[in-house]
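Observations on the model geometry
Here are the chains, one letter per residue:
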Amino acid sequence: MTQNRQPRLRALVLALGFAVAAVSPLHASEQAAVADSALKADIPFEQFTLPNGLRVVVHTDRKAPVVAVNIWYHVGSKNELPGRTGFAHLFEHLMFQSSENHEGEFFTPFELVGATNQNGTTNSDRTNYFQNVPTTALDMALWMESDRMGHFLGAVSQDVLDEQRGVVQNEKRQGENQPYGQVFERLLKASYPEGHPYRWPVIGSMSDLNAASLEDVQRFFKSWYGPNNAVLVLAGDIDLETAKEKATKYFGGIPAGPTLAQPAVDPAPRTTSTRDEFTDRVPQARVYRTWNIAEFGNADVERLQLLSQVLGGSRASRLDKRLVHGDKIADRVSTSAWGSQLGGMFYIQADVKQGVDPAVVEKAIEEELARLLAEGPTAGELEQARTIFKAGFIRGIERIGGFGGKADALAECTVYMKDPGCFREGMATIETATAADVQAAGQRWLSRGDHTMVVTPGERVATVEEESASHPDMAEVPPADPKYSTVDTKVDRSQGPPVTTEFPDLVFPELQRTTLSNGVTVVLAERPGLPIVQMSLQLPGGYVADTGRTLGTASFTMGMLDEGAGKYDALGFGNEAERLGANLGASAALDGGSAYLSALKENLDASVKLFATMLRTPRFDQNEIERVRQGWISTIKQEKARPNSSALRLLPPLLYGEGHPYAIPFSGTGEEASIAALTRDDLLAYHRDFVRPEGATLIVVGDTTLAEIVPVLEKHLGSWRGQGTAPELPEITRVDLPAKPRVFLVDQPGAIQANIFVGQLAPSTMDPKATEFEIANAVLGGEFSSRLNMNLREDKHWAYGSYSFVQAAKGQRPWLAFAAVQIDKTAESMAELQREISEYATGKAPASPEEVAKIQASEIRSLPGSYETGSAVLGAISGIVRYERPDDYVVQRQGKIEALTPEVVNAAAGTIEPGSLTWVVVGDLSKIEEGIRGLDLGELQVIDADGKPVGE
């Protein structure tokens, strides 16, 4: 589950993120087209309220045979009692356990029907649970959600409480163990006065979590989790009549809980400037600057979001122009503004370039902000920001559920504003806000009362233990209605959740093919409706092409394609893309590269023109290379500072061995020295060799046809030709597995968790038995309810999660298992991982028929909901192209999974060889090394973040 302090911004208005400012407005015709699209792209809904107070909102969308079930409880960390912080988030975890009429993990029935986008989150104001289920499984989902609402406390024992308390505490350690991991906790404490409900973090304090008793838990649940304090949204393949019948059946008999007051709105604007400076084991200095602002529903929030776009959204924003492109004193800068129920926050963050005094960055931020508040945004900047919001709204409403989907937007508006359609008001504010409105909002909220925080490299300061605080409205909680836990009268729950016996069929769009005059293969999947067209040009090259070149050339070159092309410099290119409401860029992966475009259909021709310009004539301006180079090197330092990414940088070279094309960090970023050595000629050579039409495939997904799209592609790409002959890529030779296990330790002094990775090489993604191995992996560690997570998280509660995965590759691919565990259980966790892997791989603990059936069900039944979005379809087709699969691969894979037997799965599990495992553990060696050595898992060596032996 996810613990998320920041609420989603006003409905779907910010679906695209905090991105853009600009200097030139849209042409009038393009402006009108985007505005018209945004107005048409609505979320129609109907609603009703059950007698017990449960509000139900219904949105019908028949594009896929799935229904998004999204339930929001109006309780978050702001509703907690003194000395009992973290309860709302603790309950998020507890409610994924058994209920009175369902024994076992909440996830299990959902895995069996192929649910997708299932999770739960907690923030300061609400707790939500969501999942997309096949239409035929809706009864099961509603039974499960209603059982934990009305029949939960009888299943909460002291053991369950202790287990999930341990999981939450490991989640807290995991966050604090990251570089800058203490920032938000310190920020909240500095931002809000004593007694304010936003003063403590959502995850709570260790002492409060340790003090939680069963009586505390029961009291909190009875107070806040009744139907009258919840909103249920059903979106997708459903109608109002069906929703009324099913919601009444499953939820109607649950008695209402007490009606409790919510804390009063209190943005707590500050009147004086404050600051906080401290050191941490971070790779570079970082400057934060924040203000308390208006609450959710206040039009000033939208106005400040527009101001945020202008000030620090993208490369065209004022702060980016000044700090990153102009003065070159920061590697990255971003701004954001959000409104929570009681008040919001405006936020600036800048990563200070190596060797620059943070005070210089602070001064530049202050000057740019003061100038914007004094002058207001230009007409062009404001229109550009508006376009970004509108385009983001159109893209965002494609998803019915999950994080930020339509169900989420409707639930958010219902909970906070009692109006499911409040997003329309937010869009209207975005549409009508004038430059004077935006300027005035900025002056009201940002002219005083800022808090500055500066984190610099050094020793990690002691973790701040959050204080508990109370709110007068919450000091005394009335007792719950004693009838609250009675058996409801609508459903016989004695037989458990309804069993789903029928499932919708997989429908994958037909792939249409043609060839452009320059030889580029075009693959089209039509998806009418949403006025968006997405493209991905699949190219050869990739990280493997770095063999014989400077490490990082492929990724760096592809990342530079949108840093200026044709007549546009880097800022101009960003402006043009944002002017069109288009998203585009390029990147490299292990076995190839790709270039991406998402275009509003109304601006398709101009967007494809810009896409073609990026591909054909990137500028690679030297000054932009130097700017990106410095930011790139800081990214590498950030990767090495974070325990997970540090381990993942080290593993490929250890697994493949020196000189192999795959023996590189799989982030593709290279090393500091190699990036420092890159020249413009290196980039030109890679572009010449691998960004070319020969051998390329252009995948198109969206609201278009071949008849419509091919003339546009011919117009802008048809005359494109490569120079010379493309070079041969290096052979991906087979690597023998190690003769014995190996253990590599990386010291992270002061770490409160150890990050454990273990793995080996497995056959290629293109291997005939690749699917069998993927299912075998799923049994061990691919699902929430798989063996590794059930052991280290749910049984031992030593980790927030433990999983295994296999990475895609044309050659041998890495199989890895991992867990981030509390530091005092490192050796014990490694022993458990070793035991689980060995017993499974050797057949001592083979996959049971039930385990295989569960994974089969989850894999197969999730397919109809897996291709809900154009991006998901695009990704599937990209795999078809990259790994030379048949067009009906998705259907063929389904048939292969259906035919699997436990014997086949167990044979595939034998691919893992316990005697050839490679371990990488990142943690405080003063606390873990002795215990690990005592395990005698294999030859042990201490290495640094670059993979070099320590002490030799």
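**Quick word on the overall build of the protein chain**
Helix and strand content of the protein chain: 33 helices and 24 strands. Here the protein chain has a C-alpha radius of gyration of 27 Å; the compact-globule value for 952 residues is 30 Å, and the two agree. Taking the principal axes of the C-alpha coordinates as reference, the protein chain spans close to 80 × 70 × 60 Å. Expressed as a percentage of the 952 residues in the protein chain, the buried residues total 63%. Partitioning the contacts of the protein chain with sequence separation of at least 6, the portion at a separation of at least 24 is 84%. Carbon and sulfur atoms make up 51% of the accessible area of the protein chain, which totals about 32600 Å². Of the charged side chains in the protein chain, 91 are positive and 125 negative; the average position of the first set lies 3 Å away from that of the second.

**Focus on helix H2 (residues 87-94)**
With respect to burial, H2 is a largely interior element, eight of its eight residues being buried. Within H2 the residues assigned to the buried category are Phe-87, Ala-88, His-89, Leu-90, Phe-91, Glu-92, His-93 and Leu-94.

**Quick look at the state of the cysteines**
Applying the stated criterion across every chain yields a total of one disulfide. Residue pairing for Cys-413: its cysteine sulfur links by disulfide to Cys-422, the two sulfurs lying 2.0 Å apart. The disulfide joining Cys-413 to Cys-422 has a torsion of about -75° about its S-S bond and is therefore left-handed. With relative accessibility at 1%, the residue Cys-422 sits in the buried group.

**Points about the sheet that holds strand E12 (residues 451-457)**
Read across the open sheet, the five strands follow the order E8-E12-E9-E11-E10; overall the sheet is mixed. The two strands at the open ends of the sheet, each matched to only one other strand, are strand E8 (274-280) and strand E10 (330-339). Neighbour-to-neighbour, the strand axes of this sheet turn through a mean angle of 15°, independent of strand direction. Taken together, the seven bridges between E8 and E12 define a ladder with parallel strand orientation. Its bridge partner lying in E12, Asp-276 is registered against Met-453. The strands touched by helix H12 (residues 358-375) within the sheet are E8, strand E9 (286-293), strand E11 (344-352) and E12, with E9 carrying the most contacts at an inclination of about 35°.

**Some remarks on the pattern of salt bridges**
It is possible for side chains bearing opposite charge to pair when their charged atoms get close. Considering all chains together, one arrives at 68 salt bridges under this definition. Measuring nitrogen to oxygen at the nearest pair gives 2.7 Å for the salt bridge that ties Lys-353 to Asp-331. In this pair, Lys-353 sits in the loop between E11 and H12 while Asp-331 sits in strand E10, placing the two residues 22 residues apart along the sequence. The exposure class assigned to Lys-353 is buried, which follows from its relative accessible area of 12%. In this structure, Arg-787 engages Glu-851 in a salt bridge whose closest nitrogen and oxygen atoms are separated by 2.7 Å. Remark: Glu-851 occurs in helix H28 (residues 849-861) and Arg-787 occurs in helix H26 (residues 787-795); sequence separation between them is 64 residues. Judged by its relative accessible area of 15%, Arg-787 falls in the buried class. Connected through shared salt-bridge partners, Lys-637, Glu-639, Lys-640, Arg-649, Glu-671, Glu-672 and Asp-946 make up one network.

**Some words on the side chain of His-687**
You can see His-687 is positioned in helix H23 (residues 680-690). What makes His-687 buried here is its relative accessible area of 12%. Residues within four places of His-687 in sequence aside, it is in contact with Thr-557, Leu-561, Leu-615, Arg-616, Pro-618 and Phe-620.

**Here's the deal with the sheet that holds strand E13 (residues 512-515)**
Paired through backbone hydrogen bonds, the strands of a sheet run either parallel or antiparallel to each other. With mixed pairing, six strands are arranged side by side in an open sheet as E13-E14-E18-E15-E17-E16. Of all strands in the sheet, those bounded by a partner on one side alone are E13 and strand E16 (583-589). Geometrically, the sheet is characterised by an average inter-axis angle of 15° between neighbouring strands, direction not taken into account. With six bridges joining them, strand E15 (residues 532-539) and strand E18 (residues 697-702) adopt antiparallel strand pairing. Along E18, the bridge assignment pairs Leu-537 with Leu-698. Packed onto the sheet, helix H19 (residues 604-616) meets E15, E16, strand E17 (592-600) and E18 and runs at close to 155° relative to E17.

**Some details on helix H27 (residues 826-841)**
The end-to-end C-alpha distance of H27, which contains 16 residues, comes to 22 Å, matching closely the 22 Å that a straight helix rising 1.5 Å per residue would cover. Most of H27 is tucked away: 13 of the 16 residues are buried. One or two residues past the end of H27 sits Gly-843, with phi positive at roughly 90°.

**Side note on the packing of helix H25 (residues 770-782) against H28**
Where H25 meets H28, the closest approach of the two axes is 10 Å, and the angle between their N-to-C directions is 110°. Taken together, the axis directions place H25 and H28 in an arrangement best described as roughly perpendicular. As H25 packs across H28, the resulting crossing turns out to be right-handed. Between H25 and H28, the contacting residues are Ile-775, Ala-778 and Val-779 on the first element and Glu-851, Ile-855 and Glu-859 on the second. Considering only residue class, the contact of H25 with H28 consists of four nonpolar, no polar and two charged.

**Some points on the packing of aromatic side chains**
To describe a pair of aromatic rings, one takes the distance between the centres and the angle between the planes. Evaluation of the coordinates by the stated rule reveals 32 aromatic pairs. Its guanidinium or amino end placed over the ring of Trp-798, Lys-796 lies 5.9 Å from that ring's centre, counting from NZ or CZ.

**Here we look at the nonpolar core**
Among the nonpolar cores identified, the biggest contains 77 residues, and Met-535, Leu-537, Phe-556, Phe-611, Leu-615, Leu-698 and Leu-713 are the most heavily contacted of them. Other than its neighbours up to four places away in sequence, Leu-698 contacts Val-520, Thr-521, Val-522, Val-523, Met-535, Ser-536, Leu-537, Phe-611, Leu-713 and Leu-717.

**Some remarks on the environment of Ile-860**
Assignment of secondary structure puts Ile-860 in helix H28. According to the relative accessible area criterion, Ile-860 is buried, its value standing at 16%. For the pair Ile-860 and Leu-112, spaced 748 residues apart in the sequence, the C-alpha separation amounts to 9.5 Å. If near-sequence neighbours (up to four positions away) are discounted, Ile-860 is found in contact with Gln-894, Ile-897 and Glu-898.

Quick notes on the rules
Residues numbered from 1 in each chain as written. Predicted model: local features only at pLDDT ≥ 70, side-chain atom pairs only at ≥ 80, totals over all residues. Heavy atoms only, no water. Helix = DSSP H or I, 4+ residues; strand = E, 2+ residues; numbered from the N terminus. Rg over C-alpha atoms; globule rule 2.2 N^0.38 Å. Buried < 20%, exposed > 50% of the residue type's maximum accessible area, 1.4 Å probe, protein only. Contact = heavy atoms within 4.5 Å. Areas by Shrake-Rupley, 256 points an atom, 1.4 Å probe, with all protein chains shown as cover. Lys, Arg positive; Asp, Glu negative; His and termini not counted. Charge placed at Lys NZ, Arg CZ, Asp CG, Glu CD. Disulfide = S-S within 2.5 Å. Pairing = 2+ DSSP bridges. Axes fitted to C-alpha atoms, helices over the stretch in contact; angles between N-to-C directions. Salt bridge = Lys/Arg side-chain N within 4 Å of Asp/Glu carboxyl O. Expected span 1.5 Å × (residues − 1). Parallel < 35°, antiparallel > 145°, perpendicular 65-115°, else oblique. Left-handed = near helix turned anticlockwise from the far one by under 90°. Nonpolar A, V, L, I, M, F, W, Y, C, P; charged D, E, K, R; others polar. Phe/Tyr/Trp six-rings, centres within 6.5 Å; stacked < 30°, edge-to-face > 60°. Lys NZ or Arg CZ within 6 Å of the ring centre and 35° of its normal. Core = buried A, V, L, I, M, F, W, Y, C linked by side-chain atoms within 4.5 Å.

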